[in-house]
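Spelled out, the chains give:
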Amino acid sequence: MPGRIELDTAISQNYTSFCRERSLPNNPAQSFSMNGVLLLSAHINEIAHLWHHVRRQMHLLFHTTVRQDDLPYMAYPMLRQIHKEPGITISQLSRRLDMAKSHVSNLADLLVREKFIEKRSDPKDQRLLRLYITPTARERMNEMRQRANQLWYALIEELPEGGAEELLRFLRTFHAALVRVNRKIQTAEHPLSSAEGS
């Protein structure tokens, strides 16, 4: 089983190979053609710039309108995951969320104090604690979901006619491309795969 450092190095090597095979530029001042469209570094920079600001503005908007408490940001992904997998353990939760186990444990203690989750001993192994959301958390999540839906409706109304369909098509296409690139970089071309099998 490769360590995290070897894995990160392998992914970096895969990314370099991925760019080289597709003749993507190493020099940010270069331009290159993709699908018959000439892309300049300015285009790439603007895409990256807009992506950063869209994420930032969305985070700010949801933080100020959807959230109604002072819980840490990562408490919400934790609640969603516990709701999705009732009885999940701290170790499993840390792997699902790619967070340090100590951080997950501290957040879980906070959520217990806020009466959002419960810790219960596993009937087959009393040393093992399993996590469950409470009715309070379920009610809070439903309220947040309703406010989030209202916010999405308000955002969609600001788009020009046909903008919602255009945005949906783009997001579907972009998501599919993102999945393919991640798979190629992290799985299909993983240099450790052949070494592990030998």
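Here is what the cut-offs are and how they apply
Residues numbered from 1 in each chain as written. Predicted model: local features only at pLDDT ≥ 70, side-chain atom pairs only at ≥ 80, totals over all residues. Heavy atoms only, no water. Core = buried A, V, L, I, M, F, W, Y, C linked by side-chain atoms within 4.5 Å. Buried < 20%, exposed > 50% of the residue type's maximum accessible area, 1.4 Å probe, protein only. Helix = DSSP H or I, 4+ residues; strand = E, 2+ residues; numbered from the N terminus. Contact = heavy atoms within 4.5 Å. Pairing = 2+ DSSP bridges. Patch = residues over 30% accessible without salt bridge, like charges linked within 9 Å, V, L, I, M, F, W, Y side chains within 5 Å. Areas by Shrake-Rupley, 256 points an atom, 1.4 Å probe, with all protein chains shown as cover. Salt bridge = Lys/Arg side-chain N within 4 Å of Asp/Glu carboxyl O. Expected span 1.5 Å × (residues − 1). Arc of directions from axis to C-beta. Phe/Tyr/Trp six-rings, centres within 6.5 Å; stacked < 30°, edge-to-face > 60°. Lys NZ or Arg CZ within 6 Å of the ring centre and 35° of its normal.

Asks: I'd like a description of the nonpolar core, backed by residues and values.
Replies: By size, the foremost hydrophobic cluster in this structure holds 23 residues, and its most contacted members are Met 78, Leu 79, Leu 93, Leu 111 and Ile 117. Taken together, the elements giving at least two residues each to this core come down to helix 3 (75-84), helix 4 (90-97), helix 5 (101-113), strand 4 (125-133) and helix 6 (135-157). Beyond its immediate sequence surroundings of up to four residues, Ile 117 is in contact with Leu 79, Ile 82, Ala 108, Leu 111, Val 112, Leu 131, Tyr 132, Ile 133 and Thr 134.

Asks: I'd like to hear about the pairing of strand 3 (residues 117-122), residue by residue, with values.
Replies: Note: strand 3 against strand 4, six bridges, orientation antiparallel. Residue pairing across strands places Ile 117 opposite Ile 133, the latter belonging to strand 4.

Asks: Quick rundown of the side chain of Gln 81? Include the residues and the values.
Replies: Note on placement: Gln 81 falls in helix 3. If we ignore the near neighbours within four places in the chain, the residues touching Gln 81 are Ile 88, Leu 93 and Arg 96.

Asks: Explain a nonpolar patch on the surface to me, and be specific about the residues and the numbers.
Replies: Taken together, Trp 51, Ile 156, Leu 159, Leu 167, Phe 170, Leu 171, Phe 174 and Leu 178 make up a surface patch of nonpolar side chains, about 690 Å² in accessible area. Looking at the nonpolar patch element by element, the count peaks at five residues for helix 7 (residues 163-188). Mapped onto the fold, Leu 159 is located in the loop between helix 6 and helix 7. Relative accessible area serves as the criterion here: at 33%, Leu 159 is assigned to the partly exposed category.

Asks: If you had to explain helix 5 to someone new, which residues and values would you point to?
Replies: Here helix 5 contains 13 residues, and its C-alpha end-to-end distance of 19 Å stays within 8% of the 18 Å for a straight helix at 1.5 Å per residue. Those residues of helix 5 lying buried are Val 104, Leu 107, Ala 108, Leu 110 and Leu 111. Considered in projection along helix 5, the buried side chains sweep an arc of 160° and stay on one side of the axis. Seen from the buried face of helix 5, the exposed residues on the opposite side, beyond 90 degrees, are Ser 102 and Arg 113.

Asks: Could you give an account of the packing of aromatic side chains, naming the residues involved and the relevant values?
Replies: For the structure on display, the rule yields three aromatic pairs. Plain terms: the ring middles of Trp 51 and Phe 174 are 5.3 Å apart, the flat faces sit at 40° to each other, and that makes the pair tilted. Here Trp 51 is found in helix 2 (residues 41-65), whereas its partner Phe 174 is found in helix 7, with 123 residues between them in sequence. Taken together, the ring pairs connect Trp 51, Phe 170 and Phe 174 into an aromatic cluster. Cation over ring: Arg 120 sits above Tyr 132, and NZ or CZ is 4.1 Å from the ring centre.

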